[in-house]
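These are the residues of each chain, in order.
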Amino acid sequence: ELDTSVSAGSVGLEIELKRGHNLAVRDRGGSSDPYVKFKLAGKEVFRSKTIHKNLNPVWDEKTTLILDCLSEPLYVKVFDYDFGLQDDFMGSAYLYLESLEQQRTIPVTLVLKDPQLPDQDLGSLELAVTLTPKHSPLEERRDSTLHRKSQLWRGIVSIALIEGRNLIPMDPNGLSDPYVKFRLGPQKYRSKTVPKTLSPQWREQFDLHLYEETGGVLEITVWDRDTGRRDDFIGRCQLDLSTLAKEQTHHLELPLEESRGFVVLLVTLTASAHVSIADLSVTPLDDPQERAEILKRYRVMKSLSNLKDVGIVQVKVMRAEGLMAADVNGKSDPFCVLELNNDRLQTHTVYKNLNPEWNKVFTFNVKDIHSVLEVTVFDEDRDRSADFLGKVAIPLLHIRNGEQKSYVLKNKELTGPTKGVIYLEIDVIYNTVKAALRTVVPAEQKYIEEEPKVSKQLLQQNFNRVKRCIMVLISYGTYINSCFEWESAQRSIISFLFVVVVWNFELYMLPLGLLLLLVWNYFFSSSSRDTSDTESEHKGFMDKLYAIQDVFISVQNALDEVASHGERIKNTFNWTVPFLSWLAITALCSATVLLYLIPLRYLVLAWGVNKFTKKLRDPYMIDNNELLDFLSRVPSDVQVMQYRELKVDPGQSPNKRRRTNPS
């Protein structure tokens, strides 16, 4: 009889997913696009590739799992990849591990069932499983290394979605509202929706990680956005990345399967970014030779080479103290997730501990110095998704190199504290010139964003933010009016003298005035850096409800956009982010000199020639607004509040209590 209480990492389960037989039909064409998920203790441990249009798919895939114990059955679920909001369920089965003999490959046939319809025939899966003892410490360390490597990506695929051509109409008006979904392994990206067109111009750029040496298959689907009902499927195509040469840009026109039309892309495969996971004993930046090489790579002399490689950030995740108890036994099983834009790495889990020590070092490549490092602590749960324990958000420009700091954990919205403190030590090395140049290009967008929802609280908050911006403008107007009313003789005399300046006004004086405002606030308004707290047709009832919801979401988002831009302009002049304010000073100085030395008509002529010839010089250029890109890096008042560090209460530290009571 097998001992089912084996220690963690002592048994390896090798699974070979061979094929499926007579699987269920889920698509309108009488077929399915099946893939398989394996779950252990409520957690997904493996997902197979998708086999399109096949009820008898052949996978021939292998994976190896490290088991904590054999009492938990392996839960196997089959889905139809439906390219929609939710994949269709095709059946499930359990594999009970206690009955398996060790060190012997056992063929297994799993009969798929639906718990809601137990008499329905959903076909079967054919597997081969092998249980292998893993008692050797060397093997356990090797498995741990493989686990770490599975998180690391081997390269980057940069994708520019340019346009669609000759798409099929899906709406009664003979047009469509198309958007595109991309999928590469577990990564997903969704483009914006271009309304009422069959030849949409998306002009979006994003990056995905390459985890496979061969590159993998990029799945692309085109959809028509419909309000109040399921979106219509327009077409799909696939791109085998292994067929593309690396380090060069490929212009691709991909025809849509099962449909007409094309999707135009620019795709570039690049080598692996500087990303790693290590123990504290092998910290990269603590090695003087390696640190010198990194500093050399990001020195000013190399400012014009590889502009996307702005710098690196190294994060030492030491420990946490006083975490929330998420389990019924008064303990938690905490692990830590680090996110920098779309880069995501995590620590191992420390079981049954409210004061875990991870002692890991993570290294990320920095593509935008205005990015925010998010560190989230979760409780691993065997029978459901991980529980949230706390989070901190740290802008890279706020980091002091080599300083070990304690950060009070916040709630999900980052608006208030929750229980616990996390100890981090962070180093950022970057090239200032590259960082400045990257500031005026579009910021990287998150692949997966939550769908906007109607929120009365958020609507009220955004309304109040816009109201505050309007009140600031009114106060400025009142102040100017008081100058005409001679409420203060000194102020009115100075304002009267300003008329002389207006008489001799030149355009270069405009950026010069803004420059003086920045300098004035730098010296005299440090106290003001604290922000405040934060077509006509008959429609059915549901259609009207969805329409009202869309209006509310649009108003809510518009208020947020207006308020954010107003606050960001204010925060630029208030020196909230000194790097950006210095960058604004540099830009305004340059503008002042240009406008002073060069007649305005020459500048307008140069601007017009550049604007009208841009499309001719680069037909696939993704247009952008440098000013808006700059403002997108300045935090709004809400973000300033979210990034603000909370003070640590020394009396709350369990570690301190242990030191004062050594017994």
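Analysis parameters
- Residues numbered from 1 in each chain as written.
- Predicted model: local features only at pLDDT ≥ 70, side-chain atom pairs only at ≥ 80, totals over all residues.
- Heavy atoms only, no water.
- Buried < 20%, exposed > 50% of the residue type's maximum accessible area, 1.4 Å probe, protein only.
- Helix = DSSP H or I, 4+ residues; strand = E, 2+ residues; numbered from the N terminus.
- Contact = heavy atoms within 4.5 Å.
- Polar contact = N/O pair within 3.5 Å; in protein donor to acceptor, adjacent residues only side chain to side chain.
- Phe/Tyr/Trp six-rings, centres within 6.5 Å; stacked < 30°, edge-to-face > 60°.
- Salt bridge = Lys/Arg side-chain N within 4 Å of Asp/Glu carboxyl O.
- pLDDT = per-residue confidence, 0-100.
- Patch = residues over 30% accessible without salt bridge, like charges linked within 9 Å, V, L, I, M, F, W, Y side chains within 5 Å.
- Areas by Shrake-Rupley, 256 points an atom, 1.4 Å probe, with all protein chains shown as cover.
- Lys, Arg positive; Asp, Glu negative; His and termini not counted.
- Charge placed at Lys NZ, Arg CZ, Asp CG, Glu CD.
- Core = buried A, V, L, I, M, F, W, Y, C linked by side-chain atoms within 4.5 Å.
- Domains from an automatic or database assignment.
- Expected span 1.5 Å × (residues − 1).
- Pairing = 2+ DSSP bridges.
- Axes fitted to C-alpha atoms, helices over the stretch in contact; angles between N-to-C directions.

**Q** Give a description of helix H3 (residues 432-439) that names residues and reports values.
**A** For H3, the full list of buried residues reads Lys434, Ala435, Ala436 and Thr439. Where H3 is buried, its residues contact strand E25 (417-430), helix H8 (578-597) and helix H10 (626-633). The N-cap residue of H3 is Asn431: its side-chain oxygen and the backbone nitrogen of Val433 are 3.0 Å apart.

**Q** Describe in detail the packing of aromatic side chains, supporting the description with residues and values.
**A** The tally for this structure, following the rule as stated, stands at 14 aromatic pairs. When the ring of Tyr35 is compared with that of Phe79, the centres are 5.8 Å apart and the planes differ by 25°; the resulting orientation is stacked. Taken together, the residues span a long stretch of sequence, with Tyr35 in strand E2 (residues 34-40) and Phe79 in strand E5 (residues 74-80) at a distance of 44 residues. Tyr35 sits in the buried class, given a relative accessible area of 2%. Geometrically, the ring pair formed by Phe182 and Tyr189 is tilted, given 6.4 Å between the ring centres and 50° between the ring planes.

**Q** A description of the side chain of Glu163 should follow, citing residues and the corresponding values.
**A** Tracing the backbone through its elements, the reader meets Glu163 in strand E9 (residues 155-165). Of note is the side chain of Glu163, whose polar atom sits 2.6 Å from the side chain of Gln201. The residues contacting Glu163, other than those within four sequence positions of it, are Pro200, Gln201, Trp202, Arg203, Phe262, Val263 and Val264.

**Q** I'd love a proper account of the pattern of salt bridges, names of residues and values included.
**A** Considering all chains together, one arrives at 15 salt bridges under this definition. Taking the shortest distance from any N to any O, the salt bridge between Arg165 and Glu163 comes out at 2.8 Å. Judged by relative accessible area, which is 10%, Glu163 ranks as buried. For Glu253, the salt bridge is made with Arg165, and the minimal N-O distance between the two is 3.1 Å. Residue Glu253 is found in strand E15 (residues 249-255), and its partner Arg165 is found in strand E9; the two are separated by 88 residues along the sequence. Classification of Arg165 as partly exposed rests on a relative accessible area of 28%.

**Q** Report on the environment of Ile369, specifying residues and quantitative values.
**A** Tracing the backbone through its elements, the reader meets Ile369 in the loop between strand E21 (357-366) and strand E22 (372-379). Judged by its relative accessible area of 1%, Ile369 is buried. Residues Ile369 and Ile429 lie 60 residues apart in sequence; the distance between their C-alpha atoms is 9.8 Å. The contacts of Ile369, once residues within four sequence positions are left out, are Leu396, Leu397, Val428, Tyr430, Ala435 and Phe579.

**Q** How would you sum up the confidence of the model for the chain? Please name residues and give values.
**A** For the chain, mean pLDDT is 80; residues scoring 70 or higher make up 81% of the total. Put simply, helix H12 (residues 654-660) is where the chain has its lowest mean pLDDT, 49, and E25 is where it has its highest, 93. In this model residues 1-9 is a low-confidence stretch, pLDDT under 50, and it forms 24 contacts with partners more than four residues away in sequence or in other chains. In the predicted structure, residues 528-539 sits below a pLDDT of 50 and forms 16 contacts with residues beyond four places in sequence or in another chain.

**Q** Would you mind going over a positive patch on the surface in detail, with residue names and values included?
**A** On the surface, Lys296, Arg297, Arg299 and Lys302 cluster together to form a positively charged patch. Here Arg297 is to be found in helix H2 (residues 288-297).

**Q** Just give me the short version of the nonpolar core, but keep the residues and values in it.
**A** With 48 residues, the main nonpolar core has Val313, Val317, Leu396, Ile422 and Ile426 as its most contacted residues. A total of six residues in this core trace back to one element, the largest contributor, which is H8. There are two domains that each give this core at least three residues, and those are domain 3 (288-439) and domain 4 (456-643). Not counting residues up to four positions away in its chain, the partners in contact with Ile426 are Val313, Gln314, Val315, Leu373, Ile394, Ile399, Arg400, Asn401, Gly402, Glu403 and Tyr407. Counting residues in hydrophobic clusters, the runner-up holds 32 residues, among them Leu17, Leu40, Leu110 and Leu125.

**Q** Mind laying out H8, listing which residues take part and the relevant values?
**A** If you check H8, its first and last C-alpha atoms are 28 Å apart, about what 20 residues at 1.5 Å a residue would give, namely 28 Å. Within the sequence span of H8, burial applies to Phe579, Leu580, Ser581, Leu583, Ala584, Ile585, Leu588 and Thr592.

**Q** Now, about the pairing of strand E11 (residues 187-190): what can you tell me, with residues and values included?
**A** Working note: regular strand, side chains alternate between the two faces of the sheet. Across the two faces of E11 the burial differs, with Gln187 and Tyr189 buried and Lys188 and Arg190 not buried at all. Across four bridges, the pairing between strand E10 (residues 178-184) and E11 is antiparallel. Looking at the pairing, Leu184 lines up with Gln187 of E11. The loop that links E10 with its antiparallel partner E11 comprises two residues; one of these, Gly185, has a positive phi angle of about 60°.

**Q** Tell me about the environment of Val36, and please be specific about residues and values.
**A** Mapped onto the elements, Val36 comes out in strand E2. Spatially, the C-alpha atom of Val36 lies 9.9 Å from that of Gly20, the residues being 16 residues apart in sequence. Setting aside chain neighbours within four positions, we find Val36 in contact with Leu17, Phe46, Arg47, Ser48, Trp59, Val76, Lys77, Val78 and Leu125.

**Q** If you had to explain a nonpolar patch on the surface to someone new, which residues and values would you point to?
**A** A cluster of nonpolar side chains, namely Val519, Trp520, Tyr522, Phe523, Phe524 and Trp582, defines an oily patch on the protein surface of about 700 Å² accessible area. It is helix H6 (residues 509-524) that provides the largest number of residues to the nonpolar patch, a total of five residues. Position of Val519 relative to the elements: it lies in helix H6.

**Q** Could you give an account of the sheet that holds E2, naming the residues involved and the relevant values?
**A** Spatially, E3-E2-E5-E6 is the arrangement adopted by the four strands of the open sheet, whose pairing is antiparallel. One side of each edge strand has no neighbouring strand; the edge strands of this open sheet are strand E3 (43-47) and strand E6 (88-95). On average, adjacent strands in this sheet sit at an angle of 25° to one another, irrespective of strand direction. Relative to E5, E2 runs antiparallel, the two sharing seven bridges. Along E5, the bridge assignment pairs Pro34 with Asp80.

**Q** Any details on the sheet that holds E10? Residues and values, ideally.
**A** With antiparallel pairing, the four strands of this open sheet are ordered in space as E11-E10-E13-E14. Both outer strands of the open sheet, E11 and strand E14 (232-240), are each paired with one neighbouring strand and no more. The sheet shows a mean angle of 15° between the axes of neighbouring strands, taken without regard to direction. Bridge analysis of strand E13 (residues 217-224) against E14 gives eight bridges, and the strand direction is antiparallel. Its bridge partner being in E14, Ile220 is matched across the sheet by Cys237.

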